[in-house]
Amino acid sequence: MSNGVEEVQRWPLHPQPHAGEALTSWLRRIGNLYGISNIAQLVSELHPDIAASDLDRDIPDAAARMLAARSTVALDQLQQMSLSGWVPWLLDSTDPARCDFDTYVHQLSVLIPPHLSKGDRSRRAPTEPGWLPWVTDTPNDRVCPVCIGAGDADTVVDVKLMWQLALVASCPEHRCRLEPCHVVPGQVVFWDRSVCPLGEDLRPTPVHSTVTALDRRTTAALAEGSAALPRARVHAGLWFRMLRTLIDEICIPLSKAGTYARDLRLIWECVDDRPPRALTRPFEYLNRADQSRILAGAAAAITLVEDGTITAYGTHGDLLSPYPADAVFAGPPFPPSAPVPTAHTDTASSAWKKLPALIDTVVAAARENADTARSLHAFILLGARTDQQIRRIDDTFNELGIDIGNHDR
């Protein structure tokens, strides 16, 4: 006892979690060190209801604090090893009753104007309770065969939280497909026989560069809190919802897409074919193979928009569109000034004297021209690294009366 408060005994053995590792993966690795195969037995003293809970989805605050005390892992790091640590960025809530499908998926629009897709939305809406964005109920894990060592006895086997979601299809670092398997964290991987027959070695399967680019952007959004798009850096929460909206839009039947059916054909020609079940089922309820094909379709759509092959007509589509060649307004020309004797010219002092007038000219042009406003905003955002800096820049633009047309961020 110390100061009337019982001290928590720290576990003698508690390896550090790996980057992005899921909470249950880390706990199973700890359990292996003590010969405990059931993590419920390992954590039974942490919280009364923890044994029956899905720790990778939601860890009680009391249990997280106890885990932090029993290990040397910071509380905020522990919380981010579970989905509940990513509320409200990745999802609105880990409680399905508080995470509305229509709000998450259809609040935005990217490729197709919202009025056109509205009549087909119910076709892919969940008909049973329990839906959460990006969360799939598939029993198998997915891992990168290079990250876990492809069976190398010297590699510590762990499972990343992102791999368990339907959020990425590949490992951006090794540019290969995530493979289905059953993992015993810290020990061994049993590959699904559909990708690796018993007794054979698994070879990593390369993925298209567009898929790698999409998964790299999504992974960076989780790690950094924002995603870099052609016209602006946007908050991670906006990026995840834009991506989920885009997935739903590319699953609209061609007969319902009107004049935009041509663009959908171009998208799916890049991927080979669209899974038939994608027309009538929520993305999260499809099997892993179909989810990977749809993510590849989303990656192709983004690439086609960014290179100008197709146009995104949704309210947020311009964030993916390239800048037109003449988007930057150069400002009115300055009248010629009288020559100054070179012997007495102070170039630094002269430049500083002109700077306020230049700033006033650029601000005035940005107030009048939307493209100039977006260009100026994107230029200034190049130096921003945190959400606080991004918000401060946005507030400054508002104070100057410059409309950057990005009210959803």
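Residues numbered from 1 in each chain as written. Predicted model: local features only at pLDDT ≥ 70, side-chain atom pairs only at ≥ 80, totals over all residues. Heavy atoms only, no water.

### With respect to the packing of aromatic side chains
A complete count under the given rule lists four aromatic pairs for this structure. Here the aromatic rings of Tyr104 and Trp131 are separated by 6.3 Å at their centres, their planes lie at 70 degrees, and the arrangement is edge-to-face. A residue pair is termed long-range when its members are at least 10 positions apart, and Tyr104 in helix 5 (residues 101-106) and Trp131 in the loop between helix 6 (114-117) and strand 1 (141-143) qualify at 27 residues. Geometry around Trp163 places Lys160 over its ring, the cationic atom sitting 5.6 Å from the centre. The ring of Trp239 has Arg217 lying over it, and the distance from NZ or CZ to the ring centre is 5.6 Å. (Phe/Tyr/Trp six-rings, centres within 6.5 Å; stacked < 30°, edge-to-face > 60°. Helix = DSSP H or I, 4+ residues; strand = E, 2+ residues; numbered from the N terminus. Lys NZ or Arg CZ within 6 Å of the ring centre and 35° of its normal.)

### Describing the pattern of salt bridges
A full pass over the atoms with the stated rule returns 12 salt bridges. For Asp120, the salt bridge goes to Arg124, with nearest N and O atoms at 2.6 Å. For the pair Asp120 and Arg124, a shared accessibility class is recorded, and that class is buried. The residue Arg233 makes a salt bridge to Glu224 at a minimum N-O spacing of 3.8 Å. Accessibility expressed as a relative area gives 25% for Arg233, which makes it partly exposed. Through salt bridges with shared partners, a single ionic network connects Asp120, Arg123, Arg124 and Asp248. (Salt bridge = Lys/Arg side-chain N within 4 Å of Asp/Glu carboxyl O. Buried < 20%, exposed > 50% of the residue type's maximum accessible area, 1.4 Å probe, protein only.)

### Quick look at the sheet that holds strand 5 (residues 188-191)
With respect to topology, three strands assemble into an open sheet ordered 1-4-5, the strand pairing being antiparallel. Bordering the open sheet on either side are strand 1 and strand 5, each of which pairs with just one other strand. Strand-to-strand twist across the sheet, computed as the mean angle between neighbouring axes with direction ignored, equals 55 degrees. (Pairing = 2+ DSSP bridges. Axes fitted to C-alpha atoms, helices over the stretch in contact; angles between N-to-C directions.)

### Regarding the nonpolar core
Counting residues in hydrophobic clusters, the biggest one holds 92 residues, and the most contacted among them are Leu111, Trp134, Trp239, Phe240 and Ile250. Broken down by element, this core gets its largest block of residues, 10 residues, from helix 11 (residues 288-306). If near-sequence neighbours (up to four positions away) are discounted, Leu111 is found in contact with Leu246, Glu249, Ile250, Ile267, Ala301, Val305, Ile310, Thr311, Ala312, Tyr313 and Gly314. Listed in part, the 20 residues of the second largest apolar core include Trp11, Ile39, Ala64 and Leu67. (Core = buried A, V, L, I, M, F, W, Y, C linked by side-chain atoms within 4.5 Å. Contact = heavy atoms within 4.5 Å.)

### Examining the environment of Leu279
In this structure, Leu279 sits in the loop between helix 10 (261-271) and helix 11. Separated by 29 residues in sequence, Leu279 and Ile250 place their C-alpha atoms 9.2 Å apart. For Leu279, the residues in contact, after removing those within four places along its chain, are Arg123, Arg124, Cys251, Ile252, Pro253 and Arg274.

### With respect to the pairing of strand 5
Strand residues, when the strand is regular, have side chains that alternate between the two faces of the sheet. Side chains Val189 and Trp191 of strand 5 all project onto a buried face; the interleaved residues Val188 and Phe190 project onto a face where none is buried. In this structure, strand 4 (residues 179-184) lies alongside strand 5, joined through four bridges in antiparallel fashion. Within the sheet, the bridge partner assigned to Val183 lies in strand 5 and is Val189.

### So, the environment of Arg57
Here Arg57 lies in the loop between helix 2 (39-42) and helix 3 (61-70). Between the C-alpha atom of Arg57 and that of Thr94, which follows or precedes it by 37 residues, the distance is 6.7 Å. In this structure Arg57 touches Ser82, Leu83, Ser84, Thr94, Leu132, Val135 and Asp137, once residues within four positions along its chain are discounted.

### A few points about the confidence of the model for the protein
Low pLDDT means the predicted atomic positions in that stretch should not be read closely. Looking at the protein, the pLDDT average stands at 84 and 85% of residues meet or exceed 70. The lowest-confidence element of the protein is helix 12 (residues 347-368), averaging 72 in pLDDT; the highest-confidence one is helix 9 (residues 236-250), averaging 97. Confidence drops under a pLDDT of 50 for residues 1-5, and excluding neighbours within four residues, the segment shows two contacts in the predicted structure. (pLDDT = per-residue confidence, 0-100.)

### Details of helix 11
Each α-helix turn comprises 3.6 residues. Residues three or four places apart therefore point the same way. Compared with the 27 Å implied by 1.5 Å per residue over 19 residues, the 27 Å span of helix 11 between its first and last C-alpha is a close match. Counting buried positions along helix 11 gives 14 out of 19 residues, so the element sits mostly inside the fold. If you check the start of helix 11, you find a side-chain oxygen 3.2 Å away from the backbone N of Ala289, and it comes from Asn287. (Expected span 1.5 Å × (residues − 1). Polar contact = N/O pair within 3.5 Å; in protein donor to acceptor, adjacent residues only side chain to side chain.)

### So, helix 8 (residues 209-224)
Over its 16 residues, helix 8 runs 22 Å from end to end, which matches the ideal 22 Å to within 8%, given 1.5 Å per residue. All of the buried residues in helix 8 are Thr210, Val211, Thr212, Leu214, Asp215, Arg217, Thr218, Ala221 and Leu222. Close packing links the buried residues of helix 8 with helix 7 (161-164), strand 2 (170-171), strand 6 (226-228), helix 9 and helix 11. Of the residues trailing helix 8, Gly225 is marked for its positive phi of about 85 degrees.

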